[in-house]
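Okay, here's what each chain looks like letter by letter:
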Amino acid sequence: MARGEIKSGKSLPNNYEGIVNLITMEYPNLSSGFQKIARYVTQNPNVVALESISLIASKCDTHPSSLVRFAQEFGYSGFKEMQLVFQTRLATAAPGFRERVKALEGELSRNTSSGNLGHLRALVVRDIAALQELLERVPEEELAQAARLLTKADTVYIAGQLRSEPIASLFRYLLTMLHRRVVLLDPAGGLSQEMAETITPRDTLVAISFRHYAQEVVAITERAAGNSVPVIALTDSQLSPLAKDATVLFTIPEDEYTFSRSLAAPVCLVQCLAVAVAALLQQNREEAPRIPTVTEKLRNRKGQGRGKRG
């Protein structure tokens, strides 16, 4: 194979966006080992640009020679040539997740704690970094498009299982308080896929899943997309099995936490989507959009009842 060409004969990507798009396209055809490397290099571009091949290989839990073969799979002469492409984005790129964590840990080092407070500090630092990353990663156009789909849908279906279930439940609550018709496709009774059969193109599916992806959520998403249902996907990467079927895709990169993976960023995102829906529904409202609570609605109903009796 000539240098500068990939297997298909097309020009070899010489920028970060090009190589990520190529990896995404070829991802389903890669071996499991190469898929692991693909996930790491696309989610940690700054580390790939700056660190040694040995350190990157250890982060991927593989051998440096595997990184070389991975680069050659895409037409590069070796890993160093691929690494140069990742280095081109550093001039304009915002700090990556790991760089944010390192900077925050430095700022908070004077408050270093051990024991349970140390665990809390480590989690908080990573949550702050994840939220900063989210703020810079999500485009206005995608938020607006998702809000329009959620507002116009006859019914919003939400699929989120395993550790994504709390996010799905929160989103159902928020949209219900905005008087949206919402169906949570939970696994109770084993009927979620059968319930998903009732989704029509006039509805919208919100699919939430992160590694390791809940297979039922993936199946529901594929079935809905096959029936021309708009899909809003919340996942960790454009390499996720949800990405290929998404009408609107939100990627929330994750770090391998010592304790557990955080829900801070996806929870913040669904809250933002709910507020965006509220803004569309409350366009005549002079004040900022808001989502009422159950207790507030109950209090208002009681007040209205007393007014009628009076």
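Reading guide: rules and limits
- Residues numbered from 1 in each chain as written.
- Predicted model: local features only at pLDDT ≥ 70, side-chain atom pairs only at ≥ 80, totals over all residues.
- Heavy atoms only, no water.
- Helix = DSSP H or I, 4+ residues; strand = E, 2+ residues; numbered from the N terminus.
- Buried < 20%, exposed > 50% of the residue type's maximum accessible area, 1.4 Å probe, protein only.
- Contact = heavy atoms within 4.5 Å.
- Areas by Shrake-Rupley, 256 points an atom, 1.4 Å probe, with all protein chains shown as cover.
- Polar contact = N/O pair within 3.5 Å; in protein donor to acceptor, adjacent residues only side chain to side chain.
- Pairing = 2+ DSSP bridges.
- Right-handed = clockwise from strand over helix to strand, strands pointing away.
- Arc of directions from axis to C-beta.
- Expected span 1.5 Å × (residues − 1).
- Phe/Tyr/Trp six-rings, centres within 6.5 Å; stacked < 30°, edge-to-face > 60°.
- Core = buried A, V, L, I, M, F, W, Y, C linked by side-chain atoms within 4.5 Å.
- pLDDT = per-residue confidence, 0-100.
- Disulfide = S-S within 2.5 Å.

### Some thoughts on the overall build of the protein
So, point 1. Counting its secondary structure elements, the protein contains 14 helices and five strands.
So, point 2. Out of the 310 residues in the protein, the part that is buried amounts to 45%.
So, point 3. For the protein, long-range pairs separated by at least 24 residues make up 68% of all intrachain contacts whose partners lie at least 6 apart in sequence.
So, point 4. Of the roughly 16200 Å² of accessible surface on the protein, 52% is carried by carbon and sulfur atoms.

### Description of the side chain of Ser 237
So, point 1. By secondary structure assignment, the location of Ser 237 is in the loop between strand S4 (231-235) and strand S5 (248-251).
So, point 2. A polar contact of 2.9 Å, which involves the side chain of Ser 237, links it to the backbone nitrogen of Leu 239.
So, point 3. Those residues in contact with Ser 237, other than ones at most four positions away along the chain, are Thr 42, Gln 43, Ala 243 and Thr 251.

### Quick notes on the pairing of strand S1 (residues 156-160)
So, point 1. Of all five residues making up S1, five are buried, and the element is well covered by its neighbours.
So, point 2. A two-sided burial pattern is seen for S1, the buried positions comprising Val 156, Ile 158 and Gly 160 on one face and Tyr 157 and Ala 159 on the other.
So, point 3. In the sheet, S1 pairs with strand S2 (residues 182-184) via three bridges, with the strands oriented parallel. Residue Tyr 157 lies in a different strand from S2, and its bridge partner there is Val 183.
So, point 4. Handedness of the crossover joining S1 and S2 through helix H10 (residues 165-177) is recorded here as right-handed.
So, point 5. Both S1 and strand S3 (residues 204-208) contribute to a ladder of five bridges, which runs parallel. Bridge pairing in S3 places Ile 158 opposite Val 206.

### Describing the environment of Arg 172
So, point 1. With respect to the helices and strands, Arg 172 occurs in helix H10.
So, point 2. We classify Arg 172 as partly exposed; its relative accessible area is 34%.
So, point 3. C-alpha of Arg 172 to C-alpha of Ile 158: the two residues are 14 residues apart in sequence and 7.3 Å apart in space.
So, point 4. Each residue touching Arg 172, except ones within four places of it in the same chain, is listed here: Ile 158, Val 182 and Leu 184.

### Some thoughts on helix H1 (residues 16-26)
So, point 1. Taken together, the buried positions of H1 are occupied by Tyr 16, Ile 19, Val 20, Leu 22 and Ile 23. Along the axis of H1, the buried positions cluster into a sector of 160°, meaning they face one direction only.
So, point 2. If you follow the buried residues of H1, they end up packed against helix H2 (32-43), helix H3 (45-50), helix H5 (64-73) and helix H6 (79-87).
So, point 3. Of the residues that open H1, the one with a side-chain oxygen 3.3 Å from the backbone nitrogen of Glu 17 is Asn 15.

### Notes on helix H13 (residues 264-281)
So, point 1. The end-to-end C-alpha separation of H13 is 26 Å, in line with the 26 Å expected for 18 residues at 1.5 Å each.
So, point 2. Taken as a whole, H13 has its buried residues at Ala 265, Pro 266, Leu 269, Val 270, Leu 273, Ala 274, Val 277 and Ala 278.
So, point 3. The inward-facing, buried residues of H13 contact helix H8 (115-137), helix H9 (140-152), H10, S4 and S5.

### Here's the deal with the packing of aromatic side chains
So, point 1. Counted by the stated rule, this structure contains three aromatic pairs.
So, point 2. Judged by centre distance (5.1 Å) and plane angle (65°), the rings of Phe 70 and Phe 74 are edge-to-face. There is no split in this pair, since Phe 70 and Phe 74 are both buried.
So, point 3. The structure contains a cluster of three or more aromatic residues connected by ring pairs, namely Phe 34, Phe 70 and Phe 74.

### Let's talk about the nonpolar core
So, point 1. In this structure, Leu 150, Ile 158, Phe 171, Val 206, Ile 232, Phe 250 and Leu 269 are the most contacted members of the largest nonpolar core, which totals 36 residues.
So, point 2. It is H13 that provides the largest number of residues to this core, a total of seven residues.
So, point 3. The residues touching Val 206, leaving out its near neighbours within four places in the chain, are Leu 150, Val 156, Tyr 157, Ile 158, Ala 159, Phe 171, Ile 232 and Leu 234.
So, point 4. Core analysis: the second largest hydrophobic core is formed by 29 residues, Tyr 16, Ile 19, Ala 38 and Ile 56 among them.

### Side note on the confidence of the model for the protein
So, point 1. This prediction gives the protein a mean pLDDT of 83; 83% of its residues lie at or above 70.
So, point 2. For the protein, helix H7 (residues 97-107) is the element with the lowest average pLDDT, namely 52, and S3 is the one with the highest, namely 97.
So, point 3. In the predicted structure, residues 1-5 sits below a pLDDT of 50 and forms 12 contacts with residues beyond four places in sequence or in another chain.

### Points about the state of the cysteines
So, point 1. Under the defined criterion, the tally for this structure stands at zero disulfides.
So, point 2. Of all cysteine sulfurs in the structure, the one in Cys 268 sits closest to Cys 272, which takes part in no disulfide; the separation is 6.9 Å.
So, point 3. By relative accessible area, which is 32% here, Cys 272 ends up partly exposed.

### Things to note about the environment of Phe 79
So, point 1. Tracing the sequence through the fold places Phe 79 in helix H6.
So, point 2. The exposure class of Phe 79 is buried, given its relative accessible area of 4%.
So, point 3. Sequence-wise, Phe 79 and Ser 65 are 14 residues apart; in three dimensions their C-alpha atoms are separated by 9.0 Å.
So, point 4. In this structure, Phe 79 is in contact with Val 48, Ile 53, Ile 56, Leu 67, Val 68 and Ala 71, ignoring residues within four places of it in sequence.

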